[in-house]
Amino acid sequence: MTNKPFDISRYQFTEAFEEVRRNKGAAGVDGQTIEYYERGLDGNLYKLWNRMSSGTYFPKPVKQVLIPKKNGKKRPLGIPTVEDRVAQTVVKNNIEPMLEEVFIEDSYGYRPGKSATDAIAATRKRCWKYDWVVEFDIIGLFDNIDHELLFKALDFHIDEKWAKLYLQRWCTASMIGADGHEVGRTSGVSQGGVTSPIMANLFMHYVFDKWMTRNFPQCPYERFADDAVIHCTTLPQAQTVLCALDERVTECKLKLHPEKTRIVYCKDGNRAKEYPDTSFDFLGFSFRARKSKNSKTGEYFTSFSAVYEQALGHSA
């Protein structure tokens with residue numbers, strides 16, 4: 001124990017730095033690289049522990065970096081300083097185990113022991129069982145998370161006052177734009193921060209996961225961050241789900257992406273209905289009807305399945 005307001009183990013900071021070093025990453029607004037921070041590692045970690053334990057730690061602004069997207073647009077990432085990444089890793093390692101006990105099985109993004117491959121495998125199996133899919137994406141989830149709603153969720157699940165304090169400070173830390181101007185933030189979490197994925201998952205746990213389980217338990221889904229597919233038995237059911245989902249997302253101060261949200265018919269050799277949308281893309285895979293071969297009989301049939309987009313000559 002210490003005489004400081006917050007009892008945080010110093011050993012956690014050494015572990016956190018090793019994790020930051022393994023993950024690599026660029027310097028933040030202070031220009032300090034991982035290698036430079038490591039030169040005075042013992043002193044740097046002691047100072048960080050001392051400030052976090054006493055409640056006097058305040059993060060530096062995040063550095064905005066624009067990353068090109070497939071559609072020609074650019075996605076803004078916020079790069080924290082190395083020191084802030086160490087601090088965030090300490091908090092993440094403390095809150096992740098308790099939130100993992102809360103999160104639902106079909107949430108796959110940014111979780112230990114889960115991957116996009118797992119989500120694709122579940123999607124493939126369910127598309128064979130369910131005829132219809134509601135595909136959706138949320139516009140700028142990380143940038144538009146409502147702080148008031150997020151902080152309520154943090155208060156409910158996180159007992160450590162120091163963890164909640166610093167999570168809130170990171171949410172409201174300003175950003176240095178690509179043009180050099182500093183911009184304050186009143187919503188969102190920095191996409192690029194260590195704790196941002198787990199906070200986004202907590203937010204979506206209430207916006208979508210628990211809401212789906214409560215209102216449409218008969219419709220399984222796979223969600224990876226803000227990208228998801230919902231499986232439905234009939235077209236009317238899919239239409240009902242999509243309408244309710246749009247209302248729910250709006251209620252939580254988010255918006256569905258109009259070009260990436262739609263109903264899809266999983267058409268194969270046994271599904272003869274006509275519908276304009278019979279394919280969808282999810283996590284770099286293209287789901288659609290394709291010719292397959294029965295391994296036992298050697299006969300060919302039309303199956304609704306997935307192929308990695310790069311194998312089709314596309315960029316994933």
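Below or above, wherever it landed, is the structure these notes cover. (Residues numbered from 1 in each chain as written. Predicted model: local features only at pLDDT ≥ 70, side-chain atom pairs only at ≥ 80, totals over all residues. Heavy atoms only, no water.)

### Some thoughts on empty space enclosed by the protein
Right, so step 1: Tallying each qualifying case throughout the model produces 1 cavity of 30 Å³ or more.
Right, so step 2: Taken as a whole, the largest cavity encloses approximately 70 Å³ of empty space.
Right, so step 3: What lines the largest cavity is a set of 15 residues, among which Val 62, Pro 80, Gln 88, Trp 170 and Ser 190 lie closest to the centre.
Right, so step 4: Among the secondary structure elements, those contributing two or more residues to the lining of the largest cavity are helix H4 (82-100), helix H8 (161-172) and helix H9 (196-215).
Right, so step 5: Partitioning the lining of the largest cavity into residue classes produces 8 nonpolar, 5 polar and 2 charged. (1 Å grid on protein atoms, 1.4 Å probe; cavity = no way out; pocket = protein on both sides within 12 Å on 5 of 7 lines; lining within 4 Å. Points joined across faces, edges and corners; volume = space filled by probe spheres on them. Helix = DSSP H or I, 4+ residues; strand = E, 2+ residues; numbered from the N terminus. Nonpolar A, V, L, I, M, F, W, Y, C, P; charged D, E, K, R; others polar.)

### A look at the packing of helix H1 (residues 11-23) against H4
Angle between the axes and distance between the axes: these two values describe a pair of packed helices.
Right, so step 1: It is the contact of H1 with H4, at a shortest axis distance of 8 Å, that shows an interaxial angle of 115 degrees. Classed by the angle they form, the pair H1 and H4 counts as roughly perpendicular. Judged by the sense of rotation from one axis to the other, the crossing of H1 with H4 is right-handed. Only Val 82, Arg 85, Val 86, Thr 89, Val 90, Lys 92, Asn 93 and Asn 94 of H4 make contact with H1, whose side of the interface consists of Gln 12, Phe 13, Ala 16, Phe 17, Glu 19 and Val 20.
Right, so step 2: Looking at the contact of H1 with H4, its residues break down into 7 nonpolar, 4 polar and 3 charged. (Axes fitted to C-alpha atoms, helices over the stretch in contact; angles between N-to-C directions. Parallel < 35°, antiparallel > 145°, perpendicular 65-115°, else oblique. Left-handed = near helix turned anticlockwise from the far one by under 90°. Contact = heavy atoms within 4.5 Å.)

Remember that the coordinates give geometry; whether it matters functionally is a separate question.
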